[in-house]
Amino acid sequence: MQTIAIVNQKGGVGKSTTAVNLGAGLTRQGKKVLLIDADGQANLTEMLGWQQPDELSPTLATLLEQIIADRPISPQDGILHHKEGMDLMPANIELSGLEVSLVNTMSRETVLRTYLSEVKRSYDYILIDCSPSLGMLTLNALTAADKVIIPVQSHYLPVKGLEQLLKTVSKVQRQLNGNLQISGILITMVEGRTNFSKDISQLVRQAYGRDIHVFETEIPRGIKAAEMSAEGASIFAFEPRSAVASAYEQFTKEVLQHEKCREKHSDCQLR
Ligand SMILES: Nc1ncnc2c1ncn2[C@@H]1O[C@H](COP(=O)(O)OP(=O)(O)O)[C@@H](O)[C@H]1O
Ligand SMILES: [Mg+2]
């Protein structure tokens, strides 16, 4: 079982899109997947077709509140089943309220980890879609995760934001979760026609590639990927023959390969 947090405190870099498509991609490879919407904006919940998240109950906020109150939960509680085969623990606006109250909670960084320990035995992969902040919920995600995937948008040089994120990751590694590893940076929304996009991708590889794995697969920008979010389906169901679909399929395979390599060889050359 692997828990992967999809993190970048910048919004609009493709976190939720990557959660949907990696989740669907892993499911298509025969893995049992749970997606966790850890963003009060509930974009992931909406992208998977639950368009009125505020009408859902229970959601992640409810379950985390139960954990905080030390009340038992049942593992199936609130989990939604998507037609493509993956499961979803949805979010809604209540999660933003919970985030504020977490600050004064005992074990405030480990509430999500405790929740996942209750549900994880049914899954091969849990993917956590984080909010665009490094707030309490993202700290919870990093504390609960084995791996971090960092989507980076190809037409914006992310230097400052990435430094801050990497600092947070290493602080979590030291203080809360010694198990945490950076799986890699995923370059998203690459414009095939512009050199600028390619330059950024080169720059990211030069600046970080020595210390952090940068996935070979890059996700192109595609109209269909933007429309996907209104369809309640992954790119594989919505537009299977698009370049974005084949990129996410390739990316899924890279993630799986990466896993295998690390399992087999402690000196895996893939960082
Ligand atoms: N490969 C892509 N091509 C075109 N549009 C994309 C692509 N990936 C994401 N988008 C769009 O960009 C916006 C931000 O993506 P999203 O996944 O919501 O980012 P985040 O979760 O980091 O805020 C959304 O409108 C989404 O539909
Ligand atoms: Mg998002």
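Just so it is clear, the structure is predicted and the values come from calculations on it, not from any experiment.

K.L.:
Whenever I open this one, the layout of surface pockets confuses me. Can you help?
P.N.:
A water-sized probe rolled over the atoms picks out the places where empty space is left. The space that makes up the largest pocket amounts to roughly 430 Å³. For the largest pocket, the lining is made up of 24 residues, of which Gly12, Gly14, Thr17, Met47 and Met189 are closest to its centre. Going through the elements one at a time, helix 1 (15-28), helix 2 (43-47), helix 9 (223-228) and helix 11 (243-264) are the ones with two or more residues in the lining of the largest pocket. Class assignment for the residues of the lining of the largest pocket results in twelve nonpolar, nine polar and three charged. Considering only enclosed or pocket space, the second largest pocket measures out at about 200 Å³ in volume. If you go around the second largest pocket, the residues you meet are Met1, Gln2, Lys31, Asp124, Tyr125, Lys253, Leu256, Gln257, Glu259, Lys260 and Glu263. With six residues, the top contributor of residues to the lining of the second largest pocket is helix 11. The class makeup of the residues in the lining of the second largest pocket is three nonpolar, two polar and six charged.

K.L.:
Could you clarify how one ought to interpret the site of ligand 1 in this entry?
P.N.:
Gly12, Ser16, Thr17, Pro220 and Gly222 are the nearest of the 16 residues found near ligand 1. Between ligand 1 and the protein, one listed contact pairs a nitrogen atom with a backbone N or O atom of Gly222 at 2.9 Å. When the free accessible area of ligand 1 is taken as 560 Å², the share hidden by the protein chains comes to 83%. Mapping ligand 1 onto the cavity grids shows that it belongs to the largest pocket. Among the secondary structure elements, those contributing two or more residues to the shell around ligand 1 are helix 1 and helix 9.

What counts, and at which threshold
- Residues numbered from 1 in each chain as written.
- Chains lettered and ligands numbered in written order.
- Predicted model: local features only at pLDDT ≥ 70, side-chain atom pairs only at ≥ 80, totals over all residues.
- Heavy atoms only, no water.
- 1 Å grid on protein atoms, 1.4 Å probe; cavity = no way out; pocket = protein on both sides within 12 Å on 5 of 7 lines; lining within 4 Å.
- Points joined across faces, edges and corners; volume = space filled by probe spheres on them.
- Helix = DSSP H or I, 4+ residues; strand = E, 2+ residues; numbered from the N terminus.
- Nonpolar A, V, L, I, M, F, W, Y, C, P; charged D, E, K, R; others polar.
- Near = heavy atom within 4 Å.
- Polar contact = N/O pair within 3.5 Å; in protein donor to acceptor, adjacent residues only side chain to side chain.
- Areas by Shrake-Rupley, 256 points an atom, 1.4 Å probe, with all protein chains shown as cover.
- Sits in = over half its atoms within 2 Å of the grid points.

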